[in-house]
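What follows is the residue order along each chain.
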Amino acid sequence: YMGQPDDAEPVSGFDDRTVTALAWDENAGVLWAGTHNGLVRVAENGGQWETEDELTVLNSGLGSDNVTALALDFDGSGKTNLWIGTSCGLSCCRY
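Nothing here was measured: the structure is a model prediction, and the numbers come from that model.

Talk me through the nonpolar core; I want residue IDs and the actual numbers.
Ranked by size, the top nonpolar core spans 11 residues in total: Ala 21, Ala 23, Val 30, Trp 32, Leu 39, Leu 55, Leu 62, Val 67, Leu 70, Leu 82 and Ile 84. At the level of secondary structure, the elements contributing two or more residues to this core comprise β1 (19–25), β2 (30–35), β5 (67–74) and β6 (80–86). The contacts of Val 30, once residues within four sequence positions are left out, are Ala 23, Trp 24, Asp 25, Arg 41 and Val 42.

Listed below in structure tokens is the structure:
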């Protein structure tokens, strides 16, 4: 964070969550945040950061909602692999 301490603001949608992992996709302008409750996609909208998508065991291929690690892989075809480490194994989201 390069701004002034008074300029920091909370991102909505994270009130009762502990963030356990972060991955910044510079190409898409998206921040992925892993939590104990799943994976959240955060993007800037009108100058404010907002949660856009939430992936959980119930609506995706995550092995567990407990996300422990995130990594991005750009394969050259224009697609991105988001590797998601969970307490029950590894998942991959390709977008």
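Got a sec to walk through the sheet that holds β2? Specific residues and values, please.
Strands in a sheet are paired, the pairing made by backbone hydrogen bonds, and the direction either parallel or antiparallel. With respect to topology, four strands assemble into an open sheet ordered β1-β2-β3-β4, the strand pairing being antiparallel. Strands at the two margins of the open sheet, each flanked by one partner only, are β1 and β4 (48–55). Pairwise comparison of adjacent strand axes, ignoring direction, gives a mean angle of 25° for this sheet. The sheet contact formed by strand β3 (residues 38–45) and β4 spans seven bridges and is antiparallel. Note on β4: the bridge partner recorded for Val 40 is Glu 54.

Quick rundown of the packing of aromatic side chains? Include the residues and the values.
Under the definition given, this model contains two aromatic pairs. Taken together, a centroid distance of 6.1 Å and an interplanar angle of 70° make the contact between Trp 24 and Trp 49 edge-to-face. With Trp 24 in strand β1 and Trp 49 in strand β4, this residue pair connects regions lying 25 residues apart in the sequence. Looking at Trp 24, the relative accessible area reads 44%, which means it is partly exposed. An angle of 55° between the planes, with centres 5.6 Å apart, marks the rings of Trp 32 and Tyr 95 as tilted. In this pair, Trp 32 is assigned in strand β2 and Tyr 95 in the segment after β7 (89–94), connecting sequence segments 63 residues apart. Residue classification places Trp 32 among the buried positions, given a relative accessible area of 5%.

Any details on the pairing of β2? Residues and values, ideally.
Along β2, five of the six residues are buried, which leaves the element largely enclosed by surrounding structure. The pairing of β1 with β2 spans six bridges and is classified as antiparallel. Following the sheet pairing, Ala 21 is matched in β2 by Gly 34. Hairpin geometry of β2 and β3 is characterised by an intervening segment of two residues between the two adjacent antiparallel strands.

Calculation notes
- Residues numbered from 1 in each chain as written.
- Predicted model: local features only at pLDDT ≥ 70, side-chain atom pairs only at ≥ 80, totals over all residues.
- Heavy atoms only, no water.
- Core = buried A, V, L, I, M, F, W, Y, C linked by side-chain atoms within 4.5 Å.
- Buried < 20%, exposed > 50% of the residue type's maximum accessible area, 1.4 Å probe, protein only.
- Helix = DSSP H or I, 4+ residues; strand = E, 2+ residues; numbered from the N terminus.
- Contact = heavy atoms within 4.5 Å.
- Pairing = 2+ DSSP bridges.
- Axes fitted to C-alpha atoms, helices over the stretch in contact; angles between N-to-C directions.
- Phe/Tyr/Trp six-rings, centres within 6.5 Å; stacked < 30°, edge-to-face > 60°.

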